[in-house]
Amino acid sequence: MPEFQLRRSLLYVPGNMPSMLQNVPLFTCDAVIIDLEDAVPLNEKDAARILVKRFLESHTRRNKEILVRINPLDSKWAYHDLKAVLPFLPDGIRLPKADTPEIVEHLDTMLTEFEEELGLEIGRFRILPSIESAQGVINANDIARTSKRVFGLGFGAEDYTASMEIERTKGGEELFNARMTILWAAKAAGIQAIDTIFADLNDMEGLRRETELAKKLGYTGKCMVNPRQIDVIHDVFAPKQEEVDYALQVIDAIKRARTMGTGVISLKGKMIDAPVVKRAARVLRTAFAHGLVDEIIHEEDIHGAE
Ligand SMILES: CC(=O)SCCNC(=O)CCNC(=O)[C@H](O)C(C)(C)COP(=O)(O)OP(=O)(O)OC[C@H]1O[C@@H](n2cnc3c(N)ncnc32)[C@H](O)[C@@H]1OP(=O)(O)O
Ligand SMILES: O=C([O-])CC(=O)C(=O)O
Ligand SMILES: [Mg+2]
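Throughout, residues of each chain are indexed from 1 in the direction in which the sequence is written. Numbering of ligands from 1 and lettering of chains from A proceed in the order in which they are written. Restriction of local features to residues with pLDDT of at least 70 applies here, the model being predicted, together with a cutoff of 80 or more for giving and counting side-chain atom pairs; totals for whole chains, interfaces and linings are based on all residues. Side-chain measures here rest on the full set of heavy atoms in the structure, leaving out hydrogens and waters.

For the record, the criterion: UniProt positions are given in the numbering used here, feature names are shortened, and annotations may be inferred rather than shown by experiment.
Taking an unreviewed UniProt entry as the reference, the protein is identified by name as Citryl-CoA lyase belonging to Pelobacter propionicus. Within the UniProt record for the protein, the comment given under Cofactor (unreviewed entry) is "Mg(2+)".

1. Quick word on the layout of surface pockets
Note the threshold: Here a cavity denotes grid points, spaced 1 Å and computed from the protein atoms alone, that fit a 1.4 Å probe unable to get out, and a pocket denotes an open set having protein on both sides within 12 Å along at least 5 of 7 lines; residues with an atom within 4 Å of a point are the lining. Grid points are joined across faces, edges and corners, and a volume is the space filled by probe spheres set on the points. Counting from the N terminus, the helices are DSSP H or I runs at least four residues long and the strands are E runs at least two residues long. Under the grouping applied here, Gly and all other residues not named as nonpolar or charged are polar, the nonpolar ones being Ala, Val, Leu, Ile, Met, Phe, Trp, Tyr, Cys and Pro and the charged ones Asp, Glu, Lys and Arg.
Estimates place the volume of the second largest pocket at around 410 Å³. Around the second largest pocket, the lining comprises 26 residues; the ones closest to its centre are Y12, D35, R69, I197 and V225. Those elements giving two or more residues to the lining of the second largest pocket turn out to be β1 (9-14) and α7 (157-163). Looking at the lining of the second largest pocket element by element, the count peaks at 4 residues for β1. When grouped by side-chain class, the residues that make up the lining of the second largest pocket number 14 nonpolar, 5 polar and 7 charged.

2. Some remarks on the coordination of the magnesium ion (ligand 3)
Put simply, the test is: The rule for donors is simple: N, O or S, within 2.8 Å of the metal, or within 3.2 Å if the metal is Na, K or Ca. Water isn't counted, so a site may look like it is missing partners. Each residue's exposure class comes from its accessible area (1.4 Å probe, protein chains only) as a fraction of the maximum for that residue type: buried when under 20%, exposed when over 50%, partly exposed otherwise.
All of the protein donors around the magnesium ion (ligand 3) are E132 (OE) and D159 (OD); their distances to the metal are 2.0 to 2.1 Å. Pair noted here: E132 is in the loop between β5 (126-131) and α5 (134-138) and D159 is in helix α7, with a separation of 27 residues, a long-range link. Under the relative-accessibility criterion, E132 is labelled buried at 5%.

3. So, the domain arrangement of the protein
How big an interface is tends to be expressed through the accessible area that disappears when the partners come together. Quick reminder of the rule: The split into domains, and so the bounds of each, comes from an automatic or database assignment of domains.
Each assigned domain of the protein is listed here: domain 1 (9-237) and domain 2 (241-303). The centre of domain 1, based on its C-alpha atoms, is set 34 Å off from the matching centre of domain 2.

4. Considerations on the site of ligand 2
What counts, and what does not: Each residue is tested against the molecule or strand, and it is near if at least one of its non-hydrogen atoms lies within 4 Å. A 3.5 Å cut-off defines polar contacts: any pair of N or O atoms within that distance qualifies, except that in protein one atom must be a possible hydrogen donor and the other a possible acceptor, and neighbouring residues in sequence count only when both atoms are side-chain atoms. All accessibility values rest on the Shrake-Rupley procedure with a 1.4 Å probe; residue burial counts only the protein chains present in the view.
Every residue close to ligand 2 is listed here: Y12, R69, R94, E132, F155, G156, A157, E158, D159, T196 and I197. With respect to ligand 2, the side chain of R69 contributes an N or O atom lying 2.8 Å from an oxygen atom. Here an oxygen atom of ligand 2 sits 2.9 Å away from a polar atom, N or O, in the side chain of E132. In isolation ligand 2 offers 260 Å² of accessible surface; the protein chains occlude 94% of this area. The element contributing the most residues to the shell around ligand 2 is α7, with 3 residues. Grouping the amino acids of the shell around ligand 2 by side-chain chemistry returns 4 nonpolar, 2 polar and 5 charged.

5. Looking at the site of ligand 1
Within the structure, ligand 1 sits among 15 residues, and Y12, R69, V225, N226 and R228 are positioned closest to it. At 2.7 Å, a backbone N or O of Y12 approaches a nitrogen atom of ligand 1. The separation between an oxygen atom of ligand 1 and a polar side-chain atom of R228 is 2.7 Å. If ligand 1 stood free it would expose 950 Å²; the protein chains cover 57% of that surface.

6. A few points about the nonpolar core
For the record, the criterion: To form a nonpolar core, buried Ala, Val, Leu, Ile, Met, Phe, Trp, Tyr and Cys residues must be joined to one another through side-chain atoms within 4.5 Å. Contact definition: two residues touch when any of their heavy atoms are within 4.5 Å.
By size, the foremost hydrophobic cluster in this structure holds 61 residues, and its most contacted members are I70, L82, L107 and L153. Looking at this core element by element, the count peaks at 6 residues for helix α8 (residues 176-189). Setting aside its immediate chain neighbours within four residues, I70 contacts L36, E37, A78, D81, L82, I93, R94, L95, P96 and L107. Grouped together as the second largest cluster of nonpolar side chains are 19 residues, L267, I272, L284 and V293 included.

7. Regarding the side chain of D30
Within the element layout of this structure, D30 appears in the loop between α1 (18-21) and β2 (31-35). D30 gets classed as buried once you look at its relative accessible area, which sits at 15%. A distance of 2.8 Å separates a polar atom in the side chain of D30 from the backbone nitrogen of R8.

8. Section: helix α3 (residues 78-85)
Our working definition: An arc is given here, and it is the one of the directions from the helix axis to the C-beta atoms.
When α3 is considered as a whole, its buried residues turn out to be A78, D81, L82, A84 and V85. All buried residues of α3 project into a common sector of 165° when viewed along the axis, lining one side. Packed against the buried residues of α3 are α2 (45-58), β3 (65-69), β4 (92-95) and α4 (101-118).

9. A few points about the sheet that holds β1
Heads up, the condition is: Strands are treated as partners if at least two bridges between them are detected by DSSP. All axes are obtained by fitting lines to C-alpha atoms, using only the stretch in contact for helices, and the reported angles, taken between N-to-C directions, cover 0 to 180 degrees.
Pairing in this closed barrel of 8 strands is parallel, and the strands run β1-β2-β3-β4-β5-β6-β7-β8 around the ring. Averaged over all adjacent pairs, the angle separating strand axes in this sheet is 25°, with direction ignored. Across the face of the sheet, helix α10 (residues 230-237) comes into contact with β1 and β8 (221-224) while running at roughly 175° to β8.

10. Structural notes on the pattern of salt bridges
Heads up, the condition is: Salt bridges are identified by distance alone: a Lys or Arg side-chain nitrogen within 4 Å of an Asp or Glu carboxyl oxygen.
Inspection of every chain in the model, using the stated rule, returns 22 salt bridges. Note that D30 and R8 form a salt bridge whose closest N and O atoms lie 2.8 Å from each other. Linking D30 in the loop between α1 and β2 with R8 in the segment before β1, this pair joins segments that are 22 residues apart in sequence. No difference in accessibility class separates D30 from R8, as the two residues are buried.

Written out as structure tokens, the structure is:
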């Protein structure tokens, strides 16, 4: 079962923008990704690294997950990025252009070396690889399984469409197979699937539609580029009251079925059996994480005590 940490909303914050970094504590998103890669021009890479290091050093009372997007591992900056930021304990590294499992394994090895040097528990730093090319999509299944540090797969549709030599459209038909392949790889590995950014900051309806699609397919979070996008994303990922009410009724119904010695029962004319109960339990776990129900549903509630 995927790790159950809420990661609905991951906001990119450019690492070269002190005015934006200083507001990180105020944002209500679940995570921030401080960017040293594509938001930072080449001539500002060194200055941004110092800025981010200082920000992490001073920002010790954290109320959200902090990831740092380093430069690609084969660039001249990646090692320096890691060396600068890891002593100040980000939760993890967003690895751009994670095209092959070998690239992620290489980062895993580097993180182990830094952890040993810093006297930290091995495995402390997590990895969120970005699948953002045709090669990455083809390798997604292996990438998802490279390391225990990998808690999810992130889709990067801007670079993906560039790698495919196509345009990104509002309808998103061109993304469908990549979105699904990444999702299957993540689900099969039992990790989270995080959808890509939506770049049109003034199209909140478009953002909502794309987030709804991602949620419907099985993604549990979305990256974003602007704090004005947080509320829409949270609203979409929050379980709706009617879903929660129905899930509670399903759990009640299956408990009743079990007292009657059966695993199947009907609820308002619909068959309730194990997969329906599993889905209801997932809705209730999400609702619990959103503070919408007081109790988490335990395994014995789902499968029935032996
Ligand atoms: C394909 C990729 O790789 S995406 C990841 C890399 N790209 C990024 O990180 C870009 C992040 N986003 C941004 O830089 C900005 O949102 C922009 C440049 C796209 C638009 O910026 P603006 O036109 O200033 O947006 P807007 O007017 O909505 O900003 C409102 C406020 O939010 C702040 N803000 C906007 N985006 C961010 C952000 N990502 N992080 C923190 N603060 C932000 C602005 O500074 C502004 O603050 P102020 O009111 O104190 O002046
Ligand atoms: O969607 C993201 O996470 C951002 C990105 O790097 C891309 O789209 O290429
Ligand atoms: Mg990218």
